[in-house]
Amino acid sequence: MGLSEKEECVLLDQKLLVFMDQLELLEEKRERLNSLIEQGWFSISKARYSMGNKQVSALQYGSEMEPLVRVHTRTLESGEAEFQTKRRTLKSPEERQVEDIGPKDKEGVRRRVKTQEVPEIDQSDNKHPWTETEPAPSSKPEPNPQQDPLKWFGILVPQTLKQAQASFKQVVELSAEVATLQSTVLTTRQQLQMKQKSSSQTPDLTDLTDLTDRLT
């Protein structure tokens, strides 16, 4: 037995309220994201002013780089895409295992036993496992995974450069949240549009659709 017209209207109203809450939360997170990006770049500009432009540029990047954050994705039954970030923990020098293999090379660099610690992903939901994009295989030696990118710019870096790093770390985490919420909003909008087509008593959702397009 199907739902009565009154029950369908109540369910639609509840769905519409959830949709409005999602849009409001998405807008707040986007504003926070833009604020963190601006704050990060402003801190970098202050670091360049104190250290010099050439001391804070791409010239200081490591010759070999490896991401410290990986993004895992999965698709839920409702069709929503969920994103989650996992950050690799940097070990202290005392925790690293160093092994001498024969004489030192020409640069006098000791070879280290490569020990990487990748966080585990909860795979309890076998129907929708987390996936990640694997890096392409390379014949080059792997870089030191424990290298803090902040060390590329020197040992005693200014506080503004540390603040910039902290801001962009938050940007990475928040970007995954925004992407997940954006997928949720699009799915909810599709459900509302289907309800609108199936019933002639539903309100016009054109304005909400336009608002969603601007936010997503």
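This structure is a prediction, so every number in the text was calculated from the model and none was measured.

## Here's the deal with the packing of aromatic side chains
Evaluated as defined, the whole model comprises two aromatic pairs. Taking the centre distance of 5.8 Å and the plane angle of 80 degrees together, the rings of Trp-41 and Phe-168 count as edge-to-face. Here Trp-41, found in helix H1 (residues 5-51), pairs with Phe-168, found in helix H2 (residues 159-198); they are 127 residues apart in sequence, far enough to count as distant. With a relative accessible area of 26%, Phe-168 lands in the partly exposed category. Plain terms: the ring middles of Tyr-61 and Trp-152 are 6.0 Å apart, the flat faces sit at 50 degrees to each other, and that makes the pair tilted. In this pair, Tyr-61 sits in the loop between H1 and strand E1 (69-75) while Trp-152 sits in the loop between strand E2 (81-87) and H2, placing the two residues 91 residues apart along the sequence. Overall, the relative accessible area of 24% leaves Trp-152 in the partly exposed class.

## Observations concerning the pattern of salt bridges
Evaluation of the coordinates by the stated rule reveals five salt bridges. Of the charged contacts, one joins Glu-66 and Arg-70 as a salt bridge, the two residues approaching to 3.9 Å between their closest N and O atoms. We classify Glu-66 as partly exposed; its relative accessible area is 23%. A salt bridge links Glu-66 to Arg-88; the shortest N-O distance between them is 3.2 Å. One end of the pair, Glu-66, is in the loop between H1 and E1; the other, Arg-88, is in the loop between E2 and H2, and 22 residues separate them in sequence. By sharing partners, the salt bridges in this structure join Glu-66, Arg-70 and Arg-88 into a single network.

Criteria and cut-off values
- Residues numbered from 1 in each chain as written.
- Predicted model: local features only at pLDDT ≥ 70, side-chain atom pairs only at ≥ 80, totals over all residues.
- Heavy atoms only, no water.
- Phe/Tyr/Trp six-rings, centres within 6.5 Å; stacked < 30°, edge-to-face > 60°.
- Helix = DSSP H or I, 4+ residues; strand = E, 2+ residues; numbered from the N terminus.
- Buried < 20%, exposed > 50% of the residue type's maximum accessible area, 1.4 Å probe, protein only.
- Salt bridge = Lys/Arg side-chain N within 4 Å of Asp/Glu carboxyl O.

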